[in-house]
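If you want the building blocks of each chain, they are given just below.
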Amino acid sequence: MIRYFTSNPASKVLCAPMLLSTFSHFSLFHMAANMYVLWSFSSSIVNILGQEQFMAVYLSAGVISTFVSYVCKVATGRYGPSLGASGAIMTVLAAVCTKIPDGRLAIIFLPMFTFTAGNALKAIIAMDTAGMILGWKFFDHAAHLGGALFGIWYITYGHELIWKNREPLVKIWHEMRTNGPKKGGGSK
């Protein structure tokens, strides 16, 4: 479990844990908290992106947020294992908050205090930036920031650049799967 389901740039195995650590959690509370936040934002993000695009973004976000964590750990010399879905979940949260900045949010145990999604995103980014700079170790703040920045970028630019231009690649893929590779290496 430690080898493949925790990410650490000092590990001998670097690539597989970038994705697999997204599905590993430290405790039942850790998993419950992450799944509650994901559940809270999942219907909005699926309505915005659709199921397939959501899955692609979520899995990509796990890898991208772990990569940002690796870069930060190597740059600061603060090595140590990380695990959990929070980087990918931050992508979902940031994408929804960017797309619907005037949406109203509340904290589960303090429902009487509401705030806009845009303000929530700013506060989370500020907290994770402070945590990263000050070296707080309770969360992987670099993974959170990487996830949030990827979510903001994807909902603002990535959808147009990547998802809407995927069709030629998908057609080639389906053609290869259906017809097999072309013989002779040349054109028809």
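Computed from a predicted structure; not experimentally measured.

Conventions used here
- Residues numbered from 1 in each chain as written.
- Predicted model: local features only at pLDDT ≥ 70, side-chain atom pairs only at ≥ 80, totals over all residues.
- Heavy atoms only, no water.
- Helix = DSSP H or I, 4+ residues; strand = E, 2+ residues; numbered from the N terminus.
- Buried < 20%, exposed > 50% of the residue type's maximum accessible area, 1.4 Å probe, protein only.
- Areas by Shrake-Rupley, 256 points an atom, 1.4 Å probe, with all protein chains shown as cover.
- Lys, Arg positive; Asp, Glu negative; His and termini not counted.
- Charge placed at Lys NZ, Arg CZ, Asp CG, Glu CD.
- UniProt positions renumbered as here; feature names shortened; annotations may be inferred.
- Contact = heavy atoms within 4.5 Å.
- Patch = residues over 30% accessible without salt bridge, like charges linked within 9 Å, V, L, I, M, F, W, Y side chains within 5 Å.
- Salt bridge = Lys/Arg side-chain N within 4 Å of Asp/Glu carboxyl O.
- Core = buried A, V, L, I, M, F, W, Y, C linked by side-chain atoms within 4.5 Å.

As for the overall build of the protein
At step 1: What the protein contains, in helices and strands, is eight helices and two strands.
At step 2: Shown N-terminal to C-terminal, the secondary structure of the protein runs as helices and strands in the order α-α-α-α-α-β-β-α-α-α.
At step 3: For the C-alpha atoms alone, the extent of the protein along its principal axes is close to 65 × 40 × 30 Å.
At step 4: The proportion of buried residues among the 188 residues of the protein is 36%.
At step 5: Within the structure as shown, the protein displays about 11,800 Å² of accessible surface, and the carbon and sulfur contribution to it stands at 69%.
At step 6: In the protein, which carries 15 positive and 7 negative side-chain charges, the distance between the mean positions of the two groups comes to 8 Å.

What about the UniProt feature "transmembrane region" (unreviewed entry) in the protein?
At step 1: The sites that UniProt annotates as "transmembrane region" (unreviewed entry) are residues 56-76, 105-126 and 138-157.
At step 2: Counted over residues 56-76, helix gives 100% and strand 0%. Its end C-alpha atoms are 30 Å apart.
At step 3: End-to-end, the C-alpha atoms of residues 138-157 are 32 Å apart, and along that stretch the chain is 85% helix and 0% strand.

A look at the UniProt feature "domain: Peptidase S54 rhomboid" (unreviewed entry) in the protein
At step 1: In the numbering adopted here, UniProt assigns the feature "domain: Peptidase S54 rhomboid" (unreviewed entry) to residues 18-158.
At step 2: Here residues 18-158 runs as 72% helix and 8% strand, with 21 Å between its end C-alpha atoms.

Here we look at the environment of M18
At step 1: Residue placement: M18 occurs in helix α2 (residues 16-20).
At step 2: Classification of M18 by relative accessible area gives buried; the value is 12%.
At step 3: When the C-alpha positions of M18 and S69 are compared, they lie 9.7 Å apart, and in sequence the two are 51 residues distant.
At step 4: Setting aside its immediate chain neighbours within four residues, M18 contacts G62, V63, T66, F67 and Y70.

A word on a nonpolar patch on the surface
At step 1: On the surface, Y36, W39, I107, I108, F109, L110, M112 and F113 cluster together to form a nonpolar patch covering roughly 950 Å² of accessible area.
At step 2: Contributions of two or more residues to the nonpolar patch are made by α3 (28-49) and β2 (110-116).
At step 3: Within the secondary structure layout, I108 lies in the loop between β1 (104-107) and β2.

Structural notes on the environment of V46
At step 1: Along the polypeptide, V46 turns up in helix α3.
At step 2: Residues V46 and T116, spaced 70 residues apart in sequence, show a C-alpha to C-alpha distance of 20 Å.

With respect to the nonpolar core
At step 1: Within the largest apolar cluster, 25 residues are counted, with the highest numbers of intra-cluster contacts made by I45, Y58 and V92.
At step 2: Looking at this core, the elements that each hand over two or more residues are α3, α4 (51-76), α5 (86-99), α6 (117-134) and α7 (141-161).
At step 3: In contact with V92, not counting residues within four places along its chain, are L38, F41, I45, F54 and Y58.

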